[in-house]
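Residue-level structure breakdown
What follows is each chain in one-letter form.
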Amino acid sequence: MAELTDGRIYNFNPGPATLPVEVLREVQSEMLNFNGSGMSILEISHRAKQYDEVHNAAKADILTLMNLGDDYDVLFIQGGASLQFAMVAMNFATAANKGNYILSGNFAERAYDEAKILGVGEIAASSKEGGYRHIPTQDEIKLTSDAAYLHICMNNTIYGTEYHYVPQTGEVPLIADMSSDMLSRPLDFGKFSLIYAGVQKNLGPAGVVMVVAKKSFIENSPATLPTMLRYNTFLKKNSLYNTPPAFCIYTVGKVAKWIKDNGGLAAMQERNKKKASVVYDAIDNSDGFYKGHADKDSRSLMNVTFRLPSEELEKKFVAEALEHKLGGVKGHRSVGGMRASIYNAMPFEGCERLAAFMNDFRKKN
Ligand SMILES: *Cc1c(COP(=O)(O)O)cnc(C)c1O
């Protein structure tokens, strides 16, 4: 798994992002003749039996990995996580029962902005002051009375911070954007009423969002909403009301199976912790040459963000890293500096090589 072959590099892109080589190989091998059909998965009807099996196996594997029972269902929706920002507010919040939001980064803000457009959003906590360096603690969260839900962004892809606890909300439903850390670690997923994740970060190719929700929470959508904006359309029709992005779902299914075959979420977490710690160690043992953006207790296991002493050195770092087959390390423009995205499919050796490069670069500069 770890050896670079076929001219590939270690890909630290934030999303679309690296996928398991084993999965890419399998997709390649089935491309001309999928499962004896004489067609590729790109060419099969979404009503065909061969597709049906792929669709339902992906859903079943995801629920198994998350240790959820049949009171939950998996939906596949297009429009990106960005459409989920709006759908959540449209389906569950009203002017009387507002959606509550924790602002912990750029995407959390965008989710809140959609609710604000609809006049149904409130801020429950924010770490914007100081530049989103920490995850608000339980004590910082102030829910409004009659809150429709609390919305959190579990991993802040741009700032490199991640929740290491699940907020307690009492009777108030908890909703989470897990686009960049979905299936990277075990969590008590039963505490969430609805989770969504654009799969292009940790789980597959761009083009579909995986929604995992408590059936009872989504079975009634407001009658005034158009069909494609209602969660219960996807629930009732097994996400087959219209043509689904079949290739994306097929690939997500293969990635879910890859996670299962590699020990499930507990094994992913162990690996991800090991991977993140070698990169964070390179920051912490650099005598201040590298400065991490996130506070230590809020550090993400998925996106490691750091700056160098000057922008000139940062440019040089990006260029020389690529010469060492380490790609995609440039940070987001709103934080600057570097960002190494080390999702499930990044092997430990990629992180080791990055850390070795960081140490070497520091000594030379
Ligand atoms: C990338 C990302 C999004 C946006 O996803 P799109 O699919 O591009 O709409 C939202 N939330 C988080 C946490 C992300 O990382």
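Below is a short write-up of the structure. Sequence order as written defines residue numbering, which begins from 1 separately in each chain. Under the rules for a predicted model, residues below a pLDDT of 70 receive no local features and side-chain atom pairs below 80 are neither given nor counted, while totals for whole chains, interfaces and linings still include all residues. Only hydrogens and water are removed before side-chain values are computed, so all heavy atoms of the structure are retained for them.

Quick notes on the site of the ligand
As a reminder of what qualifies: Summary of the distance rule: residues count as near a molecule or strand when at least one heavy atom falls within 4 Å of that molecule or strand. Residues adjacent in sequence count toward polar contacts only when both atoms are side-chain atoms; beyond that, a polar contact is any pair of N or O atoms within 3.5 Å, and within protein one must be able to donate a hydrogen and the other to accept it. For accessible areas, the Shrake-Rupley method is used with a probe of radius 1.4 Å. Any residue's cover is judged against the shown protein chains and nothing else. Under the scheme applied, nonpolar residues are Ala, Val, Leu, Ile, Met, Phe, Trp, Tyr, Cys and Pro; charged residues are Asp, Glu, Lys and Arg; polar residues are all the others, including Gly.
Residues in close proximity to the ligand total 13 residues, the closest being Ser82, Thr157, Asp177, Gln200 and Lys201. Ala81 is positioned with one of its backbone polar atoms (N or O) 3.1 Å from an oxygen atom of the ligand. Burial of the ligand by the surrounding chains reaches 86%, relative to a free accessible area of 390 Å². The residue makeup of the shell around the ligand, split by class, is 4 nonpolar, 7 polar and 2 charged.

A short note on unusual backbone geometry
The condition that has to hold: Going along the chain from the N terminus, every DSSP run of H or I of four or more residues is numbered as a helix, and every run of E of two or more is numbered as a strand.
Of the consecutive residues Gly15 and Pro16, the connecting peptide bond is found in the cis state with omega at -10°. Along the polypeptide, Pro16 turns up in the loop between β1 (10–11) and α1 (21–29). Located in the positive-phi region is Asn35, a residue other than glycine, with phi close to 55°. Tracing the backbone shows Asn35 in the loop between α1 and α2 (49–65). Here Asn238, not a glycine, exhibits a phi torsion of approximately 55°, which is positive.

Here we look at the sheet that holds strand β10 (residues 209–214)
Within a sheet, neighbouring strands are paired by backbone hydrogen bonds and run either parallel or antiparallel to one another. Applied cut-off: By this definition, two strands are paired if DSSP reports at least two bridges between them. Axes here mean lines fitted to C-alpha atoms, for a helix over just the part in contact, with angles spanning 0 to 180 degrees between N-to-C directions. Residues count as neighbours in contact if any of their non-hydrogen atoms are within 4.5 Å of one another.
The 7 strands are arranged β2-β10-β9-β8-β5-β3-β4 in an open sheet whose pairing can be described as mixed. Pairing within the sheet leaves two strands with one partner each, and these edge strands are β2 (72–77) and β4 (121–126). For this sheet the average axis-to-axis angle between neighbouring strands, irrespective of direction, equals 20°. Pairing analysis gives 4 bridges linking strand β5 (residues 149–153) to strand β8 (residues 174–177), with the strands arranged parallel. Following the sheet pairing, Leu150 is matched in β8 by Leu174. Packing of helix α3 (residues 80–92) onto the sheet brings it into contact with β2, β3 (99–103), β5, β8, β9 (194–198) and β10, and relative to β9 it is tilted by some 160°. Contacts between helix α4 (residues 106–117) and the sheet are confined to β3, β4, β5, β8 and β9, with β3 contributing the most and set at about 155° to the helix.

A closer look at α4
Note on helix geometry: an α-helix contains 3.6 residues per turn, so any two residues three or four positions apart are oriented the same way. Selection rule: Expected helix span is taken as 1.5 Å per residue step, with the number of steps being one fewer than the number of residues. Three labels apply to residues, based on accessible area from a 1.4 Å probe with only protein chains included: buried if under 20% of the type maximum, exposed if over 50%, partly exposed otherwise in between. Our arc is simply the arc of the directions from the helix axis toward the C-beta atoms.
Here α4 contains 12 residues, and its C-alpha end-to-end distance of 17 Å stays within 8% of the 16 Å for a straight helix at 1.5 Å per residue. Within the sequence span of α4, burial applies to Phe107, Ala108, Ala111, Tyr112 and Ala115. The buried residues of α4 occupy one face: seen down the axis, they fall within an arc of 145°. Lining the buried residues of α4 we find α3, β3, β4, β5, β8 and β9. One or two positions beyond α4, positive phi appears at Gly119, with a value near 75°.

Shape descriptors only; they carry no functional weight alone.
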